[in-house]
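These are the residues of each chain, in order.
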Amino acid sequence: MYGYQMGVELSRRSGGRLTASEGSLYPTLHQMEAQGLIAGFWQTPTGGRARRYYRLTPRGRTVTRTASADLRRFASTLLTLVPEGSR
Amino acid sequence: MRWPFHGSPIPEYLALFSECLEVPADEVQGVVAEVRTHLEEATEAIAGPRKDAEVQATLALGSPRDLAARIGIARRHRRQVRVLVIDPPLQYVKYEVPGDPIRVHRRDLAWGLAVPELMLVTFWAGVAFGNDLPTYSIAWAIAAVILVVGRWILPRLTPSETTRVLLGSMGVIIACAAVTGTLYFGRIVHGDPILWAAPLCYGPVLGTALYYGLLNANSPLVIGPRKLIDKADVPE
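These numbers were taken from a predicted model, which means no experiment stands behind them.

Participant: Any chance you could explain the overall build of chain A here in plain terms?
Facilitator: Scanning chain A for helices and strands turns up three helices and two strands. Along its sequence from the N terminus, chain A presents helices and strands in the succession α-α-β-β-α. Over its C-alpha atoms chain A spans a radius of gyration of 17 Å, topping by over 25% the 12 Å that the globule rule assigns to 87 residues. Taken along the three principal axes of its C-alpha coordinates, chain A extends 55 × 30 × 25 Å.

Participant: I'm lost on the overall build of chain B in this one. Help?
Facilitator: The number of helices and strands found in chain B is eight helices and three strands. Counting over 236 residues, chain B shows a buried share of 40%. When contacts within chain B are restricted to residue pairs at least 6 apart in sequence, long-range pairs at least 24 apart make up 70% of them.

Participant: For this particular structure, what's the right way to read the packing of helix α2 (residues 22-34) of chain A against helix α2 (residues 25-45) of chain B?
Facilitator: Two quantities define a packed helix pair, namely the angle between the helix axes and the distance between the axes. Interhelical geometry of α2 of chain A versus α2 of chain B gives an angle of 145° and a closest axis separation of 12 Å. Once α2 of chain A is placed against α2 of chain B, the crossing between them reads as right-handed. Taking contact as the criterion, the partners of Glu22, Tyr26 and His30 of chain A in α2 of chain A are, on α2 of chain B, Val31, Glu34 and His38 of chain B. The residue makeup of the contact of α2 of chain A with α2 of chain B, split by class, is two nonpolar, two polar and two charged.

Participant: Explain the interface of chain B and chain A to me, please; I cannot follow it from the model alone.
Facilitator: You'll often see interface size given as the accessible area lost when the parts meet. Counting residues at the interface gives 19 residues for chain B, matched by 17 residues for chain A. When chain B packs against chain A, close to 1700 Å² is buried across both sides, 54% of that on carbon and sulfur atoms. Sorting the residues of chain B by area buried against chain A places Glu34, His38 and Glu41 of chain B first, and these three jointly supply 36% of that buried surface. One can count four salt bridges joining chain B with chain A. Residues arginine 51 of chain A and glutamate 41 of chain B are paired through a salt bridge, measuring 2.3 Å at the closest nitrogen-oxygen approach. Contributing elements (two or more residues each) for the side of chain B that touches chain A: α2, α3 (50-61) and α4 (64-74) of chain B. The leading source of residues in the side of chain B that touches chain A is α2 of chain B, at eleven residues. Residues belonging to the side of chain B that touches chain A are distributed by class as follows: ten nonpolar, three polar and six charged.

Participant: I would appreciate a short explanation of the environment of aspartate 66 of chain B in the present structure.
Facilitator: All names here are of chain B. Examined against the element boundaries, aspartate 66 turns out to sit in helix α4. Given a relative accessible area of 26%, aspartate 66 falls into the partly exposed group. Each C-alpha atom, one on aspartate 66 and one on proline 159, is 15 Å from the other, the two residues being 93 residues apart in sequence. A polar atom in the side chain of aspartate 66 sits 2.5 Å from the side chain of arginine 156.

Participant: What should I look at first to understand the nonpolar core in this one?
Facilitator: Buried together is how nonpolar side chains tend to be arranged in soluble globular proteins. Within the largest apolar cluster, 28 residues are counted, with the highest numbers of intra-cluster contacts made by Tyr13, Phe17, Leu21, Val35 and Leu39 of chain B. Counting only elements with at least two residues in this core, the list comes to α2 and β2 (51-56) of chain A together with α1 (10-20), α2, α3 and α4 of chain B. Formed by 21 residues, the second largest nonpolar core is a distinct cluster that contains Ala110, Ile142, Leu154 and Met170 of chain B.

Participant: How should I be thinking about the pattern of salt bridges in this particular structure?
Facilitator: Think of it this way: side chains of opposite charge can pair up when their charged atoms draw near. Counting across every chain of the model gives twelve salt bridges over all chains. Measuring nitrogen to oxygen at the nearest pair gives 3.0 Å for the salt bridge that ties glutamate 9 of chain A to arginine 12 of chain A. Of the two residues, glutamate 9 of chain A and arginine 12 of chain A are both situated in helix α1 (residues 3-13); the distance of three residues between them amounts to about one turn of the helix. When the shortest N-O distance is used, the salt bridge between arginine 73 of chain A and aspartate 70 of chain A registers 2.6 Å. Note that arginine 73 of chain A and aspartate 70 of chain A are positioned in helix α3 (residues 58-81) at a spacing of three residues, about one turn of the helix. Taking the relative accessible area as the measure of exposure, aspartate 70 of chain A reaches 38% and is therefore partly exposed. Salt bridges sharing partners connect three or more residues here, namely Arg49 and Arg51 of chain A together with Glu40, Glu41 and Glu44 of chain B.

Participant: Just to check I follow, could you spell out the packing of aromatic side chains for this structure?
Facilitator: For any pair of aromatic rings, the description rests on two quantities: the centre-to-centre distance and the angle between the ring planes. Residue and element names in this part refer to chain A. Enumeration over the complete set of coordinates arrives at seven aromatic pairs over all chains. Ring plane angle 80° and centroid distance 5.3 Å describe the contact between tyrosine 2 and tyrosine 53, whose orientation is recorded as edge-to-face. Remark: tyrosine 53 occurs in strand β2 and tyrosine 2 occurs in the segment before α1; sequence separation between them is 51 residues. Measuring from ring centre to ring centre gives 6.1 Å for phenylalanine 41 and tyrosine 53, while their planes differ by 25°; the resulting arrangement is stacked.

Participant: I'm lost on the state of the cysteines in this one. Help?
Facilitator: Residue and element names in this part refer to chain B. Taken as a whole, this structure holds zero disulfides over all chains when the rule is applied. Left without a disulfide partner, cysteine 176 is nearest to the cysteine sulfur of cysteine 201, which lies 16 Å away. Using a relative accessible area of 38% as the deciding quantity, one classes cysteine 176 as partly exposed. With relative accessibility at 52%, the residue cysteine 201 sits in the exposed group.

Participant: I would appreciate a short explanation of the packing of α1 of chain B against α4 of chain B in the present structure.
Facilitator: Residue and element names in this part refer to chain B. At a minimum axis distance of 8 Å, the contact between α1 and α4 shows a crossing angle of 35°. Crossing geometry of α1 relative to α4 is assigned as right-handed. Two secondary-structure elements touch here, α1 through Tyr13, Leu16, Phe17 and Cys20 and α4 through Pro64, Arg65, Leu67, Ala68 and Ile71.

Definitions and limits used
Residues numbered from 1 in each chain as written. Chains lettered and ligands numbered in written order. Predicted model: local features only at pLDDT ≥ 70, side-chain atom pairs only at ≥ 80, totals over all residues. Heavy atoms only, no water. Helix = DSSP H or I, 4+ residues; strand = E, 2+ residues; numbered from the N terminus. Rg over C-alpha atoms; globule rule 2.2 N^0.38 Å. Buried < 20%, exposed > 50% of the residue type's maximum accessible area, 1.4 Å probe, protein only. Contact = heavy atoms within 4.5 Å. Axes fitted to C-alpha atoms, helices over the stretch in contact; angles between N-to-C directions. Left-handed = near helix turned anticlockwise from the far one by under 90°. Nonpolar A, V, L, I, M, F, W, Y, C, P; charged D, E, K, R; others polar. Buried area = accessible area lost by both parts, 1.4 Å probe. Salt bridge = Lys/Arg side-chain N within 4 Å of Asp/Glu carboxyl O. Polar contact = N/O pair within 3.5 Å; in protein donor to acceptor, adjacent residues only side chain to side chain. Core = buried A, V, L, I, M, F, W, Y, C linked by side-chain atoms within 4.5 Å. Phe/Tyr/Trp six-rings, centres within 6.5 Å; stacked < 30°, edge-to-face > 60°. Disulfide = S-S within 2.5 Å.

Bear in mind that shape data such as this cannot, by itself, settle questions of function.
In structure tokens form, the structure reads like this:
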């Protein structure tokens, strides 16, 4: 995925409930790249314009798995606090 | 470009963005190209006249100064890489630093400003409060100056603006030190004379060093693109 696509996808997948701040997107991507979590590379699709795509590095994949597990645990903990009938 | 940022045409945005961007030179082009691609795609996605769409797209991305500073902070690293480049037409070997390893970031220069300022503030704090000064208050004040100037102001400026701000600051510090010295000799204020004499001497030295360092391409302080650092091993 490339930067602009990430913002569009985030909005689309969340049904418009989440939007990425475009001004924060690139600093975050560059910070993650500097930390070795993602790797950027240029690619030009046939008939398209050159874009900088990002993919997860093995280290990034590990961190993503851990963060996802933490997020799920946090969300399920919060749900236990919500009364059964109001879910 | 005015503050607060209200959007601008893409070429104008990218020009200021690349000027403020403080990353090694071989990365500047890539980062600018990435932002250009983003702006072009965002512009195409916005309905209406192209000019208005460009303004909206740049507005969504935020101020170019701010974006450059934040990307610069994210990519902050110093690379000391040397590669051997053979230049066939000239038939000599030259050492080149690909991508200009940034040896002094603009934000680091805030420390240089803080030293004489610390002395003057200490002198005047002593005049104003005597021994009643809260513990570590001056240290906190200086830390705040370094943080604000180094983290927020200097990284958002272009190199030429940085030079002007640094030299202007030095001028203000020298003037303040001179006024303090005059008041001291007139016996209007009392305190340790080293606290105003040192900034008075340090100011011009630092100002000259900064002026030379920021303008001379071979200086270790140099800011901005710097390709060839050394020509060596030129055959007889």
